[in-house]
Amino acid sequence: QGLERTEHEGFGGGNTAWEEEKLSKYQHSETRLLEVLESVCAPSDFTCHQLLERSEEHVEQWWFHEQQQHPDFFQWLCVDRLMLCCPPGTYGPDCRSCAGGPQQPCSGNGRCDGDGTRRGTGLCVCSPGYGGPFCAECGDGYYEVSRNKSHLMCAECYQACGRCTGPEDSSCLRCKRGWVLHEHRCIDIDECGTEMAHCRANQYCVNTEGSYECRDCSTACIGCMGAGPARCKKCNKGYWRDGAKCLDVDECANAEEPVCTGVQEVCENTEGSYRCVCAQGHVRRDGQCIEDKPPDAPEKGFFDDVTDDEVVVLQQMFFGVMICALATLAAKGDMVFTAIFIGAVAAMAGYWLSDRSDRVLDGFMKGR
């Protein structure tokens, strides 16, 4: 790719006449070689850089001395010199021809194992629909649509046919497993109606196209002939037969004596059994049912329920009382009642100046 990218480039410089004169020198110059090698490997491709470093001397030898006699760089370096690859259509240490020949390995309908490498077996791995040692035949489930000396086209048979002469269901020559041939048609075998099906003891058989399925019986059954509790061969423990059905036994209602004997325990019926649970309002702790009540809360202090707004009011009342006391002392007791009145007024004023009063006053001003 680097050789192709730099094929029509020059040394640069803007002088077209000079470039045309020097172009032939650029084509075989060390400058061009370095530009090509810089773009060979991705920056993070460590393996590529290692291989390039090991091959650097060979690359330089081909560039300066061998490319006139050996213009195919891949053939000269990878096949002949390093012996890492083989020409297309060949494989193995000695580059032998693949099955079907190097010109069209595997008849063009598959791939040769080890093609182009020094490894592999050279055998054909056919594409879907093709078979044979050279992939020159149609595989199982396919028929031949057309053929000439160099090309074969195969198409898929009807789904039940293993071999056929065409796409119709009446063109079968052999059937796939699970089907039987009858007048060139493949008929599904009912494995469930024969002894061909093998299901476990507590399963039943369901026929499918070309095969069958084993499905689990109902939990009410011990062995069954189909789905549901009405197809049981025998009822399971915890069930009783009512006509064709196996119904759940209600152990809680039918027991002559209580089945749950723990204190505050009650019986709860389940499918095929029962369980003992705590009565309403009780919970199980340490294996016993006790009354479900919240733990005793610690006694509240005198100020536990006081809100922030009330704390502000109390603070302001306290300061109001302090002002009253100071006023009383100043008047030598002559204005005691007057001072108490002034303190109460101050406390009320402080309350209305608090955050709560601001919201109340704001609502009043807006007519709410």
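Residues numbered from 1 in each chain as written. Predicted model: local features only at pLDDT ≥ 70, side-chain atom pairs only at ≥ 80, totals over all residues. Heavy atoms only, no water.

**Notes on the overall build of the protein**
Thought 1: Across its full length, the protein carries 10 helices and 20 strands.
Thought 2: Taken over 368 residues, the protein has a buried fraction of 26%.
Thought 3: Long-range contacts, defined here as pairs at least 24 residues apart, represent 22% of the contacts in the protein between residues at least 6 apart.
Thought 4: Summing over all exposed atoms, the protein offers an accessible surface of approximately 25,900 Å²; the carbon and sulfur share of this is 54%. (Helix = DSSP H or I, 4+ residues; strand = E, 2+ residues; numbered from the N terminus. Buried < 20%, exposed > 50% of the residue type's maximum accessible area, 1.4 Å probe, protein only. Contact = heavy atoms within 4.5 Å. Areas by Shrake-Rupley, 256 points an atom, 1.4 Å probe, with all protein chains shown as cover.)

**What about the layout of surface pockets?**
Thought 1: Reported here for the largest pocket is a volume of approximately 620 Å³.
Thought 2: Lining the largest pocket are 25 residues, and of these Leu37, Val40, Leu52, Phe73 and Leu77 sit closest to its centre.
Thought 3: Taken together, the elements giving at least two residues each to the lining of the largest pocket come down to helix 1 (2-5), helix 3 (30-38), helix 4 (46-54), helix 5 (56-66) and helix 6 (73-81).
Thought 4: Taken together, the residues that form the lining of the largest pocket break down as 19 nonpolar, four polar and two charged. (1 Å grid on protein atoms, 1.4 Å probe; cavity = no way out; pocket = protein on both sides within 12 Å on 5 of 7 lines; lining within 4 Å. Points joined across faces, edges and corners; volume = space filled by probe spheres on them. Nonpolar A, V, L, I, M, F, W, Y, C, P; charged D, E, K, R; others polar.)

**Let's talk about the nonpolar core**
Thought 1: Counting 10 residues, the largest nonpolar core is built from Tyr204, Val206, Cys217, Ala220, Cys221, Cys224, Cys232, Cys235, Tyr239 and Cys246.
Thought 2: Setting aside anything within four residues of it in sequence, one finds Cys235 in contact with Ala220, Ile222, Trp240, Arg241 and Cys246.
Thought 3: Judged by nonpolar contacts, the second largest core, of nine residues, contains Tyr143, Cys157, Ala160 and Cys161. (Core = buried A, V, L, I, M, F, W, Y, C linked by side-chain atoms within 4.5 Å.)

**Quick notes on unusual backbone geometry**
Thought 1: Although it is not a glycine, Cys106 sits at a positive phi angle of roughly 55°.
Thought 2: Structurally, Cys106 can be placed in the loop between strand 2 (96-97) and strand 3 (110-112).
Thought 3: Residue classification places Cys106 among the buried positions, given a relative accessible area of 0%.
Thought 4: Even without glycine at this site, Ser107 takes up a positive phi of about 60°.
Thought 5: Locating Ser107 in the fold gives a position in the loop between strand 2 and strand 3.

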